[in-house]
Amino acid sequence: VQLEESGGGLVQTGGSLRLSCVASGTTFGTYALGWFRQAPGKEREFVAAISWSGAETKYADSVKDRLTISKGNAKNTVYLQMNGLKPEDSAVYYCATDPIPPGGWGTRSQRNTSWGQGTQVTVSS
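Residues numbered from 1 in each chain as written. Predicted model: local features only at pLDDT ≥ 70, side-chain atom pairs only at ≥ 80, totals over all residues. Heavy atoms only, no water.

Q: Describe in detail the environment of Pro99, supporting the description with residues and values.
A: With respect to the helices and strands, Pro99 occurs in the loop between strand E9 (91-98) and strand E10 (114-115). For Pro99 and Gly15, which are 84 residues apart along the polypeptide, the C-alpha to C-alpha distance reads 33 Å. Not counting the four nearest positions on each side in its chain, Pro99 is found in contact with Tyr31 and Asn112. (Helix = DSSP H or I, 4+ residues; strand = E, 2+ residues; numbered from the N terminus. Contact = heavy atoms within 4.5 Å.)

Q: Describe the nonpolar core, with residues and values.
A: Generally speaking, soluble globular proteins have nonpolar side chains that are buried together. Among the nonpolar cores identified, the biggest contains 33 residues, and Trp35, Leu80, Met82 and Tyr93 are the most heavily contacted of them. Contributions of two or more residues to this core are made by strand E3 (17-24), strand E4 (32-38), strand E5 (45-50), strand E7 (67-71), strand E8 (77-82), E9 and strand E11 (119-124). Examining the composition of this core, we find that five residues originate from one element, E5, more than from any other. If sequence neighbours within four positions are ignored, Tyr93 has contacts with Glu5, Leu19, Trp35, Phe36, Arg37, Val47, Leu80, Met82, Gly118, Thr119 and Val121. (Core = buried A, V, L, I, M, F, W, Y, C linked by side-chain atoms within 4.5 Å. Buried < 20%, exposed > 50% of the residue type's maximum accessible area, 1.4 Å probe, protein only.)

Q: Would you mind going over the environment of Thr97 in detail, with residue names and values included?
A: Locating Thr97 in the fold gives a position in strand E9. By relative accessible area, which is 1% here, Thr97 ends up buried. As for Thr97 and Trp115, which are separated by 18 residues in sequence, their C-alpha atoms are 6.9 Å apart. One polar contact links the side chain of Thr97 to the main-chain carbonyl oxygen of Ala32, over a distance of 2.9 Å. (Polar contact = N/O pair within 3.5 Å; in protein donor to acceptor, adjacent residues only side chain to side chain.)

Q: Report on the sheet that holds E7, specifying residues and quantitative values.
A: Across the sheet, four strands lie side by side as E1-E3-E8-E7; this open sheet has antiparallel pairing. Edge positions in the open sheet fall to strand E1 (2-6) and E7, since each of these has one partner strand only. Each strand of the sheet is rotated relative to its neighbour by a mean of 15°, with strand direction disregarded. The pairing of E3 with E8 spans six bridges and is classified as antiparallel. Along E8, the bridge assignment pairs Ser20 with Tyr79. (Pairing = 2+ DSSP bridges. Axes fitted to C-alpha atoms, helices over the stretch in contact; angles between N-to-C directions.)

Right under this line is the structure:
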């Protein structure tokens, strides 16, 4: 499976960005898609996930009121709309896919994750 992210960049506090990810390959099937992020000196952390159908989502508590994950018309595309950005949102954002449903993302149940190369998001204060 290949995951290609786009949409990162530099934005001021309170601004918005939309990240996109396109998944390709023959093995990802009907897996869930989602996003993690990693800031310098910190561990990679779960941000949001969405089921293949788009009916189920899960968010990290720190982002649920500001970020929205959605699927494109093509099921292999996922978006992360980020509003009200804060400096602490600055990180490399990684698109990911995993066979478990969104409810298991960010837990020890998540063991077979495939990753994209990441896209940098920088929020200036």
